[in-house]
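Summary of structural features
Listed below, chain by chain, are the residues.
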Amino acid sequence: MCGLKRFSSPAWRKFGSGGRILAVGLAIGASACAPRPSPYPDLPRLAVWTQFGERNLCGLGVSPAVTIGNAPSGVATYRVKITNIDALLHTPWEATVPASAGGIVEGAARDYEAPCPGEFQTHRYRLEVLALERSGRPIGYGSWLTVAQSLAVLVRTRSGAALPEPSAPAPRPAPQDSPLDFLTGRDRDRGALPPIIGPDYGR
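Everything numeric in this text was worked out from a predicted model, so none of it was measured.

Re empty space enclosed by the protein
- Throughout the structure, instances matching the rule amount to one cavity of 30 Å³ or more.
- Of the voids in this model, the largest cavity is the one considered here, and its volume is about 80 Å³.
- Every residue lining the largest cavity is listed: Ser63, Pro64, Val66, Val80, Ile82, Trp93, Val97, Ile104, Val105, Ala108, Ala109 and Leu127.
- At the level of elements, strand E3 (77–84) and strand E4 (93–98) are the ones that each hand at least two residues to the lining of the largest cavity.
- Here the residues of the lining of the largest cavity are counted per class, giving 11 nonpolar, one polar and no charged.

This is the structure in structure tokens:
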């Protein structure tokens, strides 16, 4: 889809109005392949990288370390934003943390809201970093796309253990005899006498 080209005039004439509708739909699909535009196109681009470890997930709540390259001189703080791009309803987490040599140290944000994917799930997160001067003026921007796996997956991956197979459904208990079985005909499936009372009785 990302490599589609516009139809030439002969193609328009060949496909007619149906071809126009098809080409418009393909053009819309191709536009979705375009990279996400920067919200700060005039600012210098930061080289941002991070990953979520066990300490950065769920109740452990330690903000991850962020490596930042191409940081401009004069940066005092970083405005950090983390968004779950796989969730339909999600409020991004944002915080302002002090700048350090090489980026942001682990645990710099005290109000960190850690990602917490469900059991054996993986979600994608977009990390955005805005470099600020002491006055609060933005002087650089960068982003990074990373993933967060459930703690169960991370622990099993580290230990080399295989993920559990889906459990088989429990066997259904054998039917129990009842004094009403003889009257209702429930013994038919077990080789007993045919019913003497039932929905077809008297027909």
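Let's talk about the confidence of the model for the protein
- Mean pLDDT over the protein stands at 75; residues scoring 70 or higher make up 58%.
- For residues 1–15, every residue scores under 50 in pLDDT, and the model assigns this stretch 13 contacts once sequence neighbours within four places are set aside.
- A low-confidence stretch, residues 17–33 stays under pLDDT 50, and its non-local contacts, those more than four residues away or across chains, total 11 contacts.

Here's the deal with the environment of Gly59
- For Gly59, the position within the fold is in the loop between strand E1 (47–49) and strand E2 (66–69).
- On the accessibility criterion, Gly59 (80% relative accessible area) is exposed.
- Once the C-alpha coordinates of Gly59 and Glu113 are considered, the two residues, 54 residues apart in sequence, prove to be 8.9 Å apart.

So, the environment of His123
- Structurally, His123 is set in strand E6 (residues 122–132).
- Expressed as a C-alpha distance, the spacing of His123 and Val147, which sit 24 residues apart in the sequence, is 5.6 Å.
- Not counting the four nearest positions on each side in its chain, His123 is found in contact with Asn84, Asp86, Thr146, Val147 and Ala148.
- Here Asn84 takes part through its side chain, which lies 3.1 Å from a polar atom of the side chain of His123.
- Of the polar contacts made by the side chain of His123, one reaches the side chain of Gln121; its length is 3.4 Å.

Brief notes about the state of the cysteines
- Using the criterion set out here, one finds one disulfide in the structure.
- The disulfide bridge from Cys58 ends at Cys116, spanning 2.1 Å between sulfur atoms. Between Cys58 and Cys116 the sulfur-sulfur dihedral comes to about 95 degrees; the bridge is accordingly right-handed. Of the two residues, Cys58 is situated in the loop between E1 and E2 and Cys116 in the loop between strand E5 (103–104) and E6; the sequence distance between them amounts to 58 residues.

Describing the nonpolar core
- Residues Tyr78, Val80, Ile82 and Val129 are the most contacted members of the largest nonpolar core, which totals 22 residues.
- Elements that contribute at least two residues to this core include exactly E2, E3, E4, E6 and strand E7 (138–149).
- Top element by residues in this core is E6. It accounts for four residues.
- Here Val80 is in contact with Trp93, Glu94, Ala95, Val97, Ile104, Leu127 and Glu128, once residues within four sequence places are set aside.

About the thresholds
Residues numbered from 1 in each chain as written. Predicted model: local features only at pLDDT ≥ 70, side-chain atom pairs only at ≥ 80, totals over all residues. Heavy atoms only, no water. 1 Å grid on protein atoms, 1.4 Å probe; cavity = no way out; pocket = protein on both sides within 12 Å on 5 of 7 lines; lining within 4 Å. Points joined across faces, edges and corners; volume = space filled by probe spheres on them. Helix = DSSP H or I, 4+ residues; strand = E, 2+ residues; numbered from the N terminus. Nonpolar A, V, L, I, M, F, W, Y, C, P; charged D, E, K, R; others polar. pLDDT = per-residue confidence, 0-100. Contact = heavy atoms within 4.5 Å. Buried < 20%, exposed > 50% of the residue type's maximum accessible area, 1.4 Å probe, protein only. Polar contact = N/O pair within 3.5 Å; in protein donor to acceptor, adjacent residues only side chain to side chain. Disulfide = S-S within 2.5 Å. Core = buried A, V, L, I, M, F, W, Y, C linked by side-chain atoms within 4.5 Å.

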